[in-house]
Amino acid sequence: MSMKLSTRQVDGVTIVDCSGRITLGEGSVMMRDTVRDLLAKGNKKIILNLGDVNYIDSSGIGELVSAFTTTKNQGGELKLLHLTKKVHDLLQITKLYTVFDVKDDETAAVKGFK
Amino acid sequence: MEQSVSYTLDSTLDTVDHAEEKATRIATDIGFGEDEVMQISMAVRECAVNAVLHGNAYAPDKKVVLSFERTPEDLVITIRDQGKGIDLGGIPNPLAPENLLKTSGRGIFLMRSFMDVVEIRPSQTGTEIKLIKHVRGSSAAGKEASQ
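Described in the following lines is the structure provided in the data block. (Residues numbered from 1 in each chain as written. Chains lettered and ligands numbered in written order. Predicted model: local features only at pLDDT ≥ 70, side-chain atom pairs only at ≥ 80, totals over all residues. Heavy atoms only, no water.)

1. Here's the deal with the side chain of Asp 81 of chain B
Residues and elements named next belong to chain B. Filter applied, for reference: Secondary structure counts use DSSP, requiring at least four H or I residues in a row for a helix and at least two E residues in a row for a strand, with both numbered from the N terminus. Only protein chains enter the accessibility calculation, which uses a 1.4 Å probe; a residue whose area is less than 20% of its type maximum is buried, one above 50% is exposed, and one in between is partly exposed. Counted as positive: Lys and Arg. Counted as negative: Asp and Glu. His and the chain ends are not counted at all. Definition used for salt bridges: Asp or Glu carboxyl oxygen within 4 Å of a side-chain nitrogen of Lys or Arg. Two N or O atoms count as a polar contact when they lie within 3.5 Å, although within protein this holds only if one can serve as hydrogen donor and the other as acceptor, and sequence-adjacent residues are included solely when both atoms are side-chain atoms. The contact rule is simple, with two residues in contact once any of their heavy atoms fall within 4.5 Å.
Summarising the element assignment, Asp 81 is placed in the loop between β3 (74-80) and α3 (107-114). Although Asp 81 is buried, it makes no salt bridge; Lys 62 carries the closest opposite charge, 7.8 Å away. For Asp 81, the side chain forms a polar contact with the main-chain nitrogen of Gly 83, separated by 2.9 Å. Each residue touching Asp 81, except ones within four places of it in the same chain, is listed here: Ala 51, Gly 55, Asn 56, Lys 63, Thr 125, Gly 126 and Thr 127.

The following block contains the structure:
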């Protein structure tokens, strides 16, 4: 299953609903382009909802890191929401779980922005 | 699966997906559990990415050779490229604080995390990586479990 992304606004926060695979190639490029486009348009409070992401490889992990650092460097904030067990385990193995701001509840995640 | 099977593949992104699919099918057929199948397929995917991108650099005249061998105790997967050979000393630790936020460099780390044995043999004519997963219930797996 290829990657699908859709965005929605909730109380000034952009939520990117992701589904499918974030892997080298199309999936990673879509993620990169979407986040860069949001930042270019001034949307600097971003939540990546990964609840329907069933697979991610090292390139996908790299894109999450890139999205996080790019947003932060532009004065924004990026959170991850609804990690599947596979993605959760990968972020634990790579020691990135504590680097990202990971949330399980969308409402709390939206309210948590500064 | 027969005792061993080998594929010669182009240096393309499709090869990465095909390698992953073959690994998933073979690991499933052998009887590995869902988590182990995911680990094996991801390790093969990462290895194939390295071979296609970093080894052969997408060169159309260079091939990736992928082979699977079922021994009594192990699934042995070998991936060989025709690149210049990886510099083992130049592989940074992706868990080091200064590398945590790098956007690449986790492939070999993931292979080592998911497989029981990872052997990397670089040469001037390419790199060969052997990925080994012990078959559950075999004497090799039992030996580890008893340690």
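2. Topic: empty space enclosed by the protein
Residue and element names in this part refer to chain A. This is how it is decided: The definitions used throughout rest on a 1 Å grid laid over the protein atoms alone, on which a cavity is an enclosed set of points accommodating a 1.4 Å probe that cannot get out and a pocket is an open set flanked by protein within 12 Å on both sides along at least five of seven lines; lining residues are those having an atom within 4 Å of a point. Grid points are joined across faces, edges and corners, and a volume is the space filled by probe spheres set on the points. Lys, Arg, Asp and Glu make up the charged group, whereas Ala, Val, Leu, Ile, Met, Phe, Trp, Tyr, Cys and Pro make up the nonpolar group; the residues left over, Gly among them, are polar.
This model, assessed by the stated rule, comprises 1 cavity of 30 Å³ or more. When its volume is computed, the largest cavity comes out at roughly 40 Å³. Elements supplying a minimum of two residues to the lining of the largest cavity: α1 (26-40) and α2 (58-73). Taken together, the residues of the lining of the largest cavity sort by class into 3 nonpolar, 2 polar and 3 charged.

3. Observations regarding the interface of chain B and chain A
Keep this limit in mind: Summed over both partners, buried area is the accessible surface (1.4 Å probe) that two parts give up on being assembled.
Listed as interface residues are 21 residues of chain B and, on the opposing side, 21 residues of chain A. Across the chain B/chain A interface, buried area totals approximately 1,800 Å², and carbon plus sulfur atoms make up 68% of it. When the buried surface of chain B facing chain A is broken down by residue, Arg 45, Leu 101 and Arg 106 of chain B rank first, second and third, together holding 28% of it. At the junction of chain B and chain A, the tally comes to 2 salt bridges. The shortest N-O distance in the salt bridge between Glu 20 of chain B and Arg 21 of chain A comes to 2.7 Å.

4. Re the nonpolar core
Keep this limit in mind: The nonpolar core is taken to be a set of buried Ala, Val, Leu, Ile, Met, Phe, Trp, Tyr and Cys residues, with the residues joined through side-chain atoms within 4.5 Å.
Counting residues in hydrophobic clusters, the biggest one holds 34 residues, and the most contacted among them are Met 31, Ile 46, Leu 48, Leu 50, Leu 64, Leu 80 and Phe 100 of chain A. Considering each element in turn, this core owes the most residues, 6 residues, to strand β3 (residues 45-56) of chain A. Non-local contacts of Phe 100 of chain A, meaning those with residues more than four positions away in its chain, are made with Leu 64, Val 65, Phe 68, Leu 80 and Leu 91 of chain A. Core analysis: the next-biggest nonpolar cluster, separate from the first, contains 32 residues, Cys 47, Ala 51, Met 111 and Val 135 of chain B among them.

5. Quick look at unusual backbone geometry
Residue and element names in this part refer to chain A. Notably, His 82 is not glycine yet its phi reads approximately 55°, a positive angle. You can see His 82 is positioned in the loop between β4 (77-81) and α3 (85-93). By relative accessible area, His 82 is classed as partly exposed at 32%. Backbone geometry places Lys 95, a non-glycine residue, at a positive phi of 60°. Positionally, Lys 95 belongs in the loop between α3 and β5 (101-103). Accessibility expressed as a relative area gives 47% for Lys 95, which makes it partly exposed.

6. Brief notes about the sheet that holds strand β1 (residues 4-10) of chain A
All names here are of chain A. This is how the line gets drawn: When DSSP finds two or more bridges between two strands, those strands count as paired. To obtain an axis, a line is fitted to C-alpha atoms, over the contacting stretch when the element is a helix, and the angle between two such axes runs from 0 to 180 degrees between their N-to-C directions.
Here 5 strands make up an open sheet; going across it, the order is β1-β2-β3-β4-β5 and the pairing mixed. Each edge of the open sheet carries a strand with a single partner, namely β1 and β5. Ignoring which end each strand starts from, the neighbouring axes of this sheet average 25° apart. One ladder, built from 3 bridges, connects β4 with β5; its direction is parallel. Of the residues in β5, the one forming a bridge with Lys 79 is Asp 101.

7. Digging into the packing of aromatic side chains
The condition that has to hold: The criterion for an aromatic pair is that two Phe, Tyr or Trp rings (for Trp, the six-membered ring) have centres within 6.5 Å, with stacked assigned to planes under 30 degrees apart, edge-to-face to planes over 60 apart and tilted to the rest. Lysine NZ or arginine CZ positioned within 6 Å of the ring centre and within 35 degrees of the ring normal marks a charge as sitting over the ring.
Inspection of the entire model under this criterion finds 2 aromatic pairs over all chains. Geometrically, the ring pair formed by Phe 68 of chain A and Phe 100 of chain A is edge-to-face, given 5.4 Å between the ring centres and 75° between the ring planes. With a gap of 32 residues between them, Phe 68 of chain A in helix α2 and Phe 100 of chain A in the loop between α3 and β5 connect regions that are remote in the sequence. As far as burial versus exposure is concerned, Phe 68 of chain A and Phe 100 of chain A are alike and both buried. Each ring, one from Tyr 7 of chain B and one from Phe 68 of chain B, has its centre 6.4 Å from the other, and the planes form 80°; the classification is edge-to-face. Pair noted here: Tyr 7 of chain B is in strand β1 (residues 4-10) and Phe 68 of chain B is in strand β2 (residues 63-70), with a separation of 61 residues, a long-range link. By relative accessible area, which is 1% here, Phe 68 of chain B ends up buried. Over the aromatic face of Phe 113 of chain A sits the side chain of Lys 79 of chain A, whose NZ or CZ is 4.6 Å from the ring centroid.

8. Considering the sheet that holds β1 of chain B
All names here are of chain B. Here we have 5 strands laid out as an open sheet, ordered β1-β2-β3-β5-β4, and antiparallel in their pairing. Only two strands of the sheet have a single partner each, and these edge strands are β1 and β4 (117-123). For this sheet, the mean angle separating the axes of adjacent strands, direction not counted, is 10°. With 7 bridges connecting them, β1 and β2 associate as antiparallel partners. Note on β2: the bridge partner recorded for Thr 8 is Val 65.

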